[in-house]
Amino acid sequence: MEQDERGKFDSVYTAKIKAGKRRTYFFDVRRTKGEDFYITLTESTKKFNSDGYERHKIFLYKEDFNRFLAQLQETIDHVKKDLMPDFDYDQYEKRQAEWEASQEGKSEKEDMDW
């Protein structure tokens, strides 16, 4: 088990969700000293008036996985079905896909300029 320069244990798995221009969510699986695993959920938001980021973390342990997931799904379903049933939630996926495609085009153009 390797530690980084700050003495923290490295993630064994990481997934990232970009959410607009300023917000990113990270899902990290980390290993404990006792060879157990837990999840950290991190929201990273770029600050308006500086180059820094603000981060908020939630630590989720295996004994809470099932209840956390069930309650999260129930809460999301409540908003989608009961509070805002007519809202098009897929519009965000479409917008993100369009933005990612536009970024790929920029990257390809930059490569061609070299």
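Further up the page is the structure itself.
Bear in mind the structure is a predicted one, so any value in this text is a computation, not a measurement.

**Details of the overall build of the protein**
- Along the backbone of the protein there are two helices and four strands.
- Secondary structure elements of the protein, listed N to C terminal, follow the sequence β-β-β-β-α-α.
- Of all 114 residues assigned to the protein, the portion counted as buried reaches 12%.
- Nonlocal contacts in the protein, meaning residues at least 24 apart in sequence, comprise 15% of its contacts between residues at least 6 apart.
- When the accessible area of the protein is evaluated, it comes to approximately 9800 Å², of which 52% is carbon and sulfur surface.

**Comments concerning unusual backbone geometry**
- A positive phi is found at glutamate 35, a non-glycine position, where the angle reads about 65°.
- Position of glutamate 35 relative to the elements: it lies in the loop between β2 (23-31) and β3 (37-46).

**What about the sheet that holds strand β1 (residues 11-19)?**
- The four strands lie next to each other as β1-β2-β3-β4, forming an open sheet whose pairing is antiparallel. Edge strands, defined here as strands with exactly one partner in the open sheet, are β1 and β4 (53-61). Across the sheet, the mean angle separating the axes of adjacent strands is 15° when strand polarity is ignored.
- Looking at chain direction, β2 and β3 are connected through nine bridges and run antiparallel. Bridge pairing links arginine 31 to phenylalanine 37 in β3.

**Points about the pairing of β4**
- Where β3 lies against β4, nine bridges are found, and the strand directions are antiparallel. Across the sheet, the residue bridging to lysine 46 is tyrosine 53, located in β4.
- As consecutive antiparallel partners, β3 and β4 are separated by six residues.

**What to know about the side chain of threonine 24**
- Mapping threonine 24 onto the fold places it in strand β2.
- In this structure threonine 24 touches Lys16, Ile17, Lys18, Ala19, Thr42, Glu43 and Ser44, once residues within four positions along its chain are discounted.

**A look at a nonpolar patch on the surface**
- Side chains of Ile58, Phe68, Leu72 and Ile76 sit close together on the surface and give an oily, nonpolar patch of about 310 Å² of accessible area.
- Sorting elements by how many residues they give to the nonpolar patch places helix α1 (residues 65-83) first, with three residues.
- Mapped onto the secondary structure, isoleucine 76 falls in helix α1.
- The exposure class of isoleucine 76 is partly exposed, given its relative accessible area of 35%.

Reading guide: rules and limits
- Residues numbered from 1 in each chain as written.
- Predicted model: local features only at pLDDT ≥ 70, side-chain atom pairs only at ≥ 80, totals over all residues.
- Heavy atoms only, no water.
- Helix = DSSP H or I, 4+ residues; strand = E, 2+ residues; numbered from the N terminus.
- Buried < 20%, exposed > 50% of the residue type's maximum accessible area, 1.4 Å probe, protein only.
- Contact = heavy atoms within 4.5 Å.
- Areas by Shrake-Rupley, 256 points an atom, 1.4 Å probe, with all protein chains shown as cover.
- Pairing = 2+ DSSP bridges.
- Axes fitted to C-alpha atoms, helices over the stretch in contact; angles between N-to-C directions.
- Patch = residues over 30% accessible without salt bridge, like charges linked within 9 Å, V, L, I, M, F, W, Y side chains within 5 Å.
- Salt bridge = Lys/Arg side-chain N within 4 Å of Asp/Glu carboxyl O.

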